[in-house]
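# Reading the structure
What follows is each chain in one-letter form.
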Amino acid sequence: DTEVTQTPKHLVMGMTNKKSLKCEQHMGHRAMYWYKQKAKKPPELMFVYSYEKLSINESVPSRFSPECPNSSLLNLHLHALQPEDSALYLCASSQDGVRAAYGYTFGSGTRLTVV
Amino acid sequence: AQSVTQLGSHVSVSEGALVLLRCNYSSSVPPYLFWYVQYPNQGLQLLLKYTSAATLVKGINGFEAEFKKSETSFHLTKPSAHMSDAAEYFCAVSPLNTNAGKSTFGDGTTLTVKP
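Moving on to unusual backbone geometry. Residues and elements named next belong to chain A. Each neighbour pair has its own omega, and for Thr7 with Pro8 the value is -10 degrees, a cis peptide bond. Mapped onto the elements, Pro8 comes out in the loop between β1 (4–7) and β2 (10–13). Although it is not a glycine, Tyr51 adopts a positive phi angle of roughly 50 degrees. Examined against the element boundaries, Tyr51 turns out to sit in the loop between β5 (44–50) and β6 (53–57). The backbone of Ser59 sits at a positive phi, close to 55 degrees, despite the residue not being glycine. Assignment of secondary structure puts Ser59 in the loop between β6 and β7 (64–70). Here Ser59 falls in the exposed class, since its relative accessible area comes to 72%.

Have a look at this one:
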């Protein structure tokens, strides 16, 4: 299995809703990442988990809450989002760790729309 | 601190023509370098990577890139463009030092292929 699987593919939520994004990989990769990508922009790093511990939080607002239940799973819990949080949310994994010296494997993303 | 610059946010070529996408990096030591491709509404896919072995790196879909330390460049080429190559391309760098932080993406280049 050489994939990162993200669910759901599309999500529409109201500003008072609570929802979660899920990500799964079975490649034995040691680091997992959440990225946010706006249209025609590069991905922006949000969080990094290395060996199931939160290594990097790029000053992300608390309405985004990451969770790494085990080495294969990564969740992103969403609460009280704003319309400007609408974006493509990408999960990625890397073989080695935070710096991803061998490159990332990305999921296909969750297209989030906040209404 | 490392950074990466992609020269030309839009590149347009005719089908069958040479593709050249430019990437220059800034780093105190030569980093690891990557090219990713992103098709519409999908995640990023690793095209190729330079990890200090051979300076000419071959990737998937007929792409290759050459690492030139003297020019701090890692340009992406393909001899003959195909319509299916139309996509967004991102250059990225990762630090050589394990503790030196995370990867950095360029702003991206949109490749258009004309029939």
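Attention now goes to the packing of aromatic side chains. Within this structure, the stated rule accounts for 18 aromatic pairs over all chains. Ring centres 6.3 Å apart and planes at 40 degrees place the aromatic pair A:Tyr104 and B:Tyr36 in the tilted group. Of this pair, A:Tyr104 sits in strand β10 (residues 104–106) while B:Tyr36 sits in strand β4 (residues 32–38), on two different chains. A:Tyr104 gets classed as buried once you look at its relative accessible area, which sits at 3%. Summarising the aromatic geometry, the rings of B:Phe63 and B:Tyr89 are spaced 5.6 Å apart at their centres and angled 50 degrees between planes, so their arrangement reads as tilted. In this pair, B:Phe63 sits in the loop between β6 (56–58) and β7 (64–68) while B:Tyr89 sits in strand β9 (residues 87–94), placing the two residues 26 residues apart along the sequence. Taking relative accessible area as the criterion, B:Phe63 reaches 2% and is therefore assigned buried. Taken together, the ring pairs in this structure connect A:Tyr33, A:Tyr35, A:Tyr104, A:Phe106, B:Phe34, B:Tyr36, B:Phe90 and B:Phe105 into an aromatic cluster.

Further remarks concern the interface of chain B and chain A. On the side of chain A, 22 residues touch chain B, which itself brings 24 residues to the contact. Each partner contributes to the roughly 1,700 Å² buried at the junction of chain B and chain A, and carbon and sulfur atoms together form 55% of this total. Considering only the side of chain B, the residues that lose the most area to chain A are B:Leu44, B:Lys102 and B:Phe105, jointly responsible for 29% of the buried surface there. If you list the elements that add at least two residues to the side of chain B that touches chain A, you get β4, β5 (44–50) and β9 of chain B. Ranked by the residues each element gives to the side of chain B that touches chain A, the list is headed by β4(B), at four residues. Split into classes, the residues belonging to the side of chain B that touches chain A amount to nine nonpolar, twelve polar and three charged.

On to the sheet that holds strand β3 (residues 19–26) of chain B, then. Residues and elements named next belong to chain B. If you walk across this open sheet you meet the five strands as β1-β3-β8-β7-β6, and the pairing is antiparallel. Edge positions in the sheet fall to β1 (3–7) and β6, since each has one partner strand and no second. Sheet twist, expressed as the mean angle between neighbouring strand axes with direction ignored, is 20 degrees. One ladder, built from five bridges, connects β1 with β3; its direction is antiparallel. Bridge pairing in β3 places Gln6 opposite Cys23.

Now for the pairing of strand β4 (residues 31–37) of chain A. All names here are of chain A. Summarising burial for β4: seven of the seven residues are buried, a large majority. Both faces of β4 are covered, namely the face carrying Ala31, Tyr33, Tyr35 and Gln37 and the face carrying Met32, Trp34 and Lys36. With six bridges joining them, β4 and β5 adopt antiparallel strand pairing. Residue pairing for β5: Lys36 is matched across the bridge by Glu44.

Cut-offs used in this document
Residues numbered from 1 in each chain as written. Chains lettered and ligands numbered in written order. Predicted model: local features only at pLDDT ≥ 70, side-chain atom pairs only at ≥ 80, totals over all residues. Heavy atoms only, no water. Helix = DSSP H or I, 4+ residues; strand = E, 2+ residues; numbered from the N terminus. Buried < 20%, exposed > 50% of the residue type's maximum accessible area, 1.4 Å probe, protein only. Phe/Tyr/Trp six-rings, centres within 6.5 Å; stacked < 30°, edge-to-face > 60°. Contact = heavy atoms within 4.5 Å. Buried area = accessible area lost by both parts, 1.4 Å probe. Nonpolar A, V, L, I, M, F, W, Y, C, P; charged D, E, K, R; others polar. Pairing = 2+ DSSP bridges. Axes fitted to C-alpha atoms, helices over the stretch in contact; angles between N-to-C directions.

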